[in-house]
Amino acid sequence: MALATFNFPRTWLRAFMLFTSVVASVPSASWAQTAEARAVETAFGTVTVTGTPSRVVVLSENALDTALSAGVKPLGTVSTRGSTGVSRYVQDKVGTIAIVGTARETNLESVFKLQPDLILAAPDLPKAQYEKLSLLAPTIVPSTAVTDDWRKSVSLYAEALGRQEEIKASYQQLDQRIAALKARIAPGQVASVLRWNPQGPILMSSHLFAGQLLQQLGFKSPALAESLTQRPHSDILSLENLHQADGDWLFLATLNPEGEQALAQARNQPAFARLNAVKNNKVITVDGQLWSSGAGPLAAQKILDDVEKVVAH
Amino acid sequence: MTALPTLPTRPVVSEAPAGYAWWRFGRYSILVHRRAWSSGFLLIAAMIIVSGISLASGAAGLSPWTALAAAIGQGEPMHVFLVQELRLQRLIAGLLTGAALGVAGCLLQTLARNRLATPGIIGIDDGATAFAVASIVAIPTTLAPSALALTGAATAAGLAFGLSGGAGARGYRFIVVGIAVGALFGALTNLMLARTDMDSANQAYPWTVGSLNARPAQAVWLLGIGLLAGLPVAKYLGRALTLMRFSDSVATGLGVPLKRMRVMTLLLTVFLTALAVAVVGPVGLIALAAPEVARYLVGHQGVPVFNAALAGATLMSLADWVGRTLMAPIEIPVGVIMAVIGGPYLLWILLRPSARRAP
Amino acid sequence: MSSSASRPQVVKRSWLICLTLVVLSVLASLLIGAGDVSPGRSAQALWSGADSEARFIVMELRWPRTLLGAMVGMALGAAGVILQSATRNPLAEPGLLGVSAGASFAVVLAISLGSSAATLNLGVAVAGALAGCFLVLLVTQLRGIGSDPVRLILVGAAFTSMLMAISTLILLSDQRSADEMRFWVIGALAGRPTETAYSSAPGVLLGLLLMLPLIRPLAALALGERVATGLGHHPQLTRMSALVCVAILVGTATAAAGPIAFVGLIVPFVARRLVGPDIRRTLWLSLLIGPIIILFADTISRLVVKPYELPIGVVTAFIGAPILIAVVRGHRLPTL
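Scoring rules and cut-offs
Residues numbered from 1 in each chain as written. Chains lettered and ligands numbered in written order. Predicted model: local features only at pLDDT ≥ 70, side-chain atom pairs only at ≥ 80, totals over all residues. Heavy atoms only, no water. Helix = DSSP H or I, 4+ residues; strand = E, 2+ residues; numbered from the N terminus. Buried < 20%, exposed > 50% of the residue type's maximum accessible area, 1.4 Å probe, protein only. Areas by Shrake-Rupley, 256 points an atom, 1.4 Å probe, with all protein chains shown as cover. Domains from an automatic or database assignment. Buried area = accessible area lost by both parts, 1.4 Å probe. Salt bridge = Lys/Arg side-chain N within 4 Å of Asp/Glu carboxyl O. Polar contact = N/O pair within 3.5 Å; in protein donor to acceptor, adjacent residues only side chain to side chain. Nonpolar A, V, L, I, M, F, W, Y, C, P; charged D, E, K, R; others polar. Contact = heavy atoms within 4.5 Å. Core = buried A, V, L, I, M, F, W, Y, C linked by side-chain atoms within 4.5 Å. Phe/Tyr/Trp six-rings, centres within 6.5 Å; stacked < 30°, edge-to-face > 60°. Lys NZ or Arg CZ within 6 Å of the ring centre and 35° of its normal. Patch = residues over 30% accessible without salt bridge, like charges linked within 9 Å, V, L, I, M, F, W, Y side chains within 5 Å. Pairing = 2+ DSSP bridges. Axes fitted to C-alpha atoms, helices over the stretch in contact; angles between N-to-C directions. UniProt positions renumbered as here; feature names shortened; annotations may be inferred.

### A word on the overall build of chain B
Summing up its helical and strand segments, chain B has 13 helices and 2 strands in all. Per-residue burial over chain B gives 60% buried out of 359 residues. Accessible surface, chain B as shown: approximately 13,500 Å² in total, 69% of it carbon and sulfur.

Structure follows, in structure tokens:
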């Protein structure tokens, strides 16, 4: 301790000096104002980014999806739920990528080692983490909530990446596909997204990423899902009120690949079996991870794949 | 209560102090406990070694000398940045929290005459966790989670103290009430985690297990100041507690104001624990293990406040180093490492017959 | 506590009160729900099948849940009484002693090994509770610890925190399991499959049957170990069988409804208040008090956050923690 306290004030004194020296020593991490510098509005204030960063570290699935959609192969990312690597749906697109932590904790040294010139982080990054990360490279933290338009954070990441054109192109692709799909789906049908837990069902808010897409496709959502404007999903819904989550279509989100197992479990419950969607055999099991919090152009395409099954029915 | 601790058979101060030495400075001289001092130096050496290793290792390995040079600002700017910004601050946070928890554990164990009575078990950790988690997942607030962790720890302790109506005999009542309060806060934390989405739950995660990854600097500063102020008081209380180790009547006979001592010890314990959990979150086992190590080295004489601090600092930074490097780049939170190291040890304490004897 | 002369009357009165409350709590559980079927409609549906919606909700949703609640209440209440007698400790509570933590830990293990929380086998939690119980047993084996109220509870708290930490380590890089566990760690009666009530009945019955031959030895044990030995009992054997019995009861209850804390503390506390410390009276009464507490707590849990459900574990924690505090504040800790 004696050693440590001795150095403590000097650490802080030096931090500032160091800051400049490190910035100068890392060729790509230039914060200096140049002709092509642009200001990006983040949750932690305005951050200046220059040019089109190529050494990018992404600390959320949303950011990974965006970077890949924009044609940037990130150097590092955090592992996702259920695996020690990246999500299944982007696996064939990432190439070689370093894992720099989990969704819970980022290993700062691993990020440092990659010498990034841009870091894209999730909206809820803690301030203490931000303070460290922003020393390594400009760090972009969107100030969005889960129920905001998903394109908001994606566009922000794209702006920081300097690749708005590419993202616009992917939006266009998406819009075209949505329009085509919408034409094949009878308008005004109610679709609800439900997760089946051991203690009962929870209803996903219709303002989440997946809900936004469903709405664009012309689906309506149950009033209860509509009312969840602040939270991503409801509390455990009483079985007596399960009918409030009923609809023409039911997307049953499961976290494990064996979605059928969860469906079988739910079917055992008389309250579930009574739902119209279930009686009419209009239940579709989907990847809960993708449908509850994933966001990005690639994830959107994946969700549209799921919805296409509705059309096939 | 059937299992009262057995009384020590020999008094602490004897006529001819065996195991003590006189240190003379001109006209002044101090009577020192040899083993306490030698183990103190041993612990300081261990702490320096662990600190060196910790500063040198990580995703980019450095030689210990490069690392030490970088720590004082010499060498390549990249190395200096890495060591000072990423490693040194984390190390300092670890050393300080370890020391604070070590002292807190030492005091409370001695007060309750039970080595299982650590601040983590009596609800302070749960209170801090509940408040920090609430600030992240339930109640939108501009206050930093660490500030709320501090509030939570104080709230839990205050509740336990108020509800138990004082310390009670040997602080036992306080401890059980603390467990009850902790259970309440634990239920609330679980409820909040179940209600929120996974991403927020992930963000709250370090506060539920205890982690030293990127801790808020202000909280570390606050802890450093608190520790500086608290250590001398702890040392003073430790002396009084040494006498209380015999029995209440003996202690009263020796002129110890029992009630005030108990309350002061509890307050100091809460103070140090609260400051520490505001930095690191719940790492209760440090408070169990550090005094144990200190007592083992010193021998069962007195209340080894300083040595418990040193042992806590060493253990905490060691555990953090292991957690940082073992599964890199996956961070294992220091709280989990401590639990895995400390778990079997805890069981051993629980299961061996001599567990009946109080520390 | 009353003089011995009026004891039989007190016991009789207590039984009457409890029976009335059981009927009331069952009715409350059947008639009051989080949905929009009013108690009046529900009451009518009990007698006639005209209102098919109400009939479905009462008979298909509330009835199995009430049954499950009653079963879990009996199991946890009886387990609490037995554990407190066996350890002669008024603070002993399966949840506080790590039995529930053992069950949770086993579930974490199972989930992380690939099974889904939704389709988990009952046996896993029972095995976990047994393992947790085995450790408690080892600890109480050591002379003197089991009957020191505070020490035992410290052992339990320490053991629980250790198991939690190991669970955390297992869940460290496994987000899917962590996500499922979020919902499992607080007990609830909501959303259980209908057959849970029936499938957990054998476990509860087995536990209660095993309990029968233990009542006398436990009552003798209350008089002290020497007296019990003198009366021809084997204290050590009694304790061990009691703990096995507790493990079966708590394991079954935990498997069916998740960990529900403090019921094993509240029930014996109330029972002792009513009929005094004799286990021959408290044990039978606890079979009524357990369901009363669980069913009322469950009814509350449906109403607080309509149309959602509050996990019952939170409600019992809020009832139980004050009782725990009351026990330690009471007078000096009674040694059973």
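### Here we look at the domain arrangement of chain A
All names here are of chain A. Here chain A is described as being made up of domain 1 (3-162) and domain 2 (178-310). Buried area between domain 1 and domain 2, both sides added, is near 1,600 Å², and the carbon and sulfur share of it is 59%. Where domain 1 packs against domain 2, one counts 0 salt bridges. At the boundary of domain 1 and domain 2, one finds 4 residue pairs in polar contact (both at pLDDT 80 or more). Listed by contribution, the elements that provide at least two residues to the side of domain 1 that touches domain 2 are helix H2 (61-69) and helix H6 (150-161). Looking at which element gives the most residues to the side of domain 1 that touches domain 2, the answer is H2, with 6 residues. A per-class count over the side of domain 1 that touches domain 2 returns 6 nonpolar, 4 polar and 8 charged.

### Remarks on the interface of chain A and chain B
At the junction of the two partners, chain A supplies 46 residues and chain B supplies 48 residues. Roughly 4,400 Å² is buried in total at the junction of chain A and chain B, and carbon and sulfur atoms are behind 63% of that figure. Between the two partners, chain A and chain B, sit 3 salt bridges. Here Lys 132 of chain A and Glu 85 of chain B are joined by a salt bridge, their closest N and O atoms 3.4 Å apart. Scanning the region where chain A abuts chain B turns up 7 residue pairs in polar contact (both at pLDDT 80 or more). Here the side of chain A that touches chain B is composed, by residue class, of 21 nonpolar, 14 polar and 11 charged.

### Thoughts on the nonpolar core
Judged by nonpolar contacts, the single largest core of 275 residues is most densely connected at Leu 120, Ile 140, Phe 251, Trp 291 and Val 307 of chain A. With 21 residues, the top contributor of residues to this core is helix H3 (residues 77-112) of chain B. Looking at which domains feed residues into this core, each of domain 1 (3-162) and domain 2 (178-310) of chain A gives three or more. Those residues within four positions of Phe 251 of chain A in sequence are excluded, and the remaining contacts are Ala 191, Ser 192, Val 193, Leu 194, Leu 214, Ile 284, Val 286, Trp 291, Val 307 and Val 310 of chain A. In terms of nonpolar packing, the next biggest core, distinct from the first, is built from 29 residues, Ala 225, Leu 242 and Leu 250 of chain A together with Ala 54 of chain C among them.

### Thoughts on the packing of aromatic side chains
Inspection of the entire model under this criterion finds 6 aromatic pairs over all chains. A centroid spacing of 5.7 Å and a plane angle of 25° characterise the contact between Phe 112 of chain A and Phe 81 of chain B, whose relative ring orientation is stacked. Of the two residues, Phe 112 of chain A sits in helix H4 (residues 108-113) while Phe 81 of chain B sits in helix H3, which places them in two different chains. Take Phe 81 of chain B: its relative accessible area is 3%, and that puts it in the buried class. Following the ring pairs from residue to residue traces out a cluster consisting of Trp 150, Tyr 171 and Phe 209 of chain A. Above the ring of Phe 56 of chain C, the side-chain terminus of Arg 274 of chain A is found at 3.7 Å from the ring centroid.

### Some points on a nonpolar patch on the surface
Residues and elements named next belong to chain B. Side chains of Trp 37, Phe 41, Ile 44 and Ile 48 sit close together on the surface and give an oily, nonpolar patch of about 390 Å² of accessible area. With respect to the helices and strands, the residue Trp 37 is situated in helix H1 (residues 34-56). A relative accessible area of 40% places Trp 37 in the partly exposed class.

### What about the sheet that holds strand S3 (residues 56-58) of chain A?
Residues and elements named next belong to chain A. Strands sit in the order S5-S4-S3-S6-S7 across an open sheet of 5 strands; the sheet is parallel. The sheet is open, and its two edges are formed by strand S5 (98-102) and strand S7 (139-140), each paired on a single side. Bridge count between S3 and strand S6 (residues 118-120): 3 bridges; the pairing is parallel. Bridge assignment links Val 58 to a residue of S6, and that residue is Leu 120.

### A few points about the pattern of salt bridges
Evaluated as defined, the whole model comprises 19 salt bridges over all chains. Residue Arg 274 of chain A pairs with Glu 53 of chain C through a salt bridge whose shortest N-O separation is 2.6 Å. Here Arg 274 of chain A, found in the loop between helix H11 (270-273) and helix H12 (276-279), pairs with Glu 53 of chain C, found in helix H3 (residues 52-87), and the two come from separate chains. Across the pair Asp 278 of chain C and Arg 280 of chain C runs a salt bridge whose closest N-O atoms are separated by 3.1 Å. Accessibility expressed as a relative area gives 47% for Arg 280 of chain C, which makes it partly exposed. Each member of the salt-bridge network shares a partner with another, and the members are Arg 177, Arg 184, Asp 305 and Glu 308 of chain A.

### A few points about the sheet that holds strand S11 (residues 283-287) of chain A
All names here are of chain A. One open sheet holds the 4 strands; their spatial order is S9-S8-S10-S11, and the pairing between them is mixed. Two strands close off the open sheet at either side, each with one partner strand: strand S9 (200-203) and S11. Between one strand axis and the next, the sheet turns through 35° on average, direction left out of account. Sheet topology places strand S8 (residues 191-197) next to S9; 4 bridges connect them, and they run antiparallel.

### A closer look at the UniProt feature "transmembrane region" (unreviewed entry) in chain B
All names here are of chain B. If you check UniProt for "transmembrane region" (unreviewed entry), the listed places come out as residues 41-68, 88-108, 120-141, 147-167, 174-193, 219-237, 266-290 and 334-351 in our numbering. Here residues 41-68 is 75% helix and 0% strand, with 20 Å between the C-alpha atoms at its ends. In this annotation, residues 266-290 is assigned 88% helix and 0% strand; the end-to-end C-alpha distance for the span is 18 Å.

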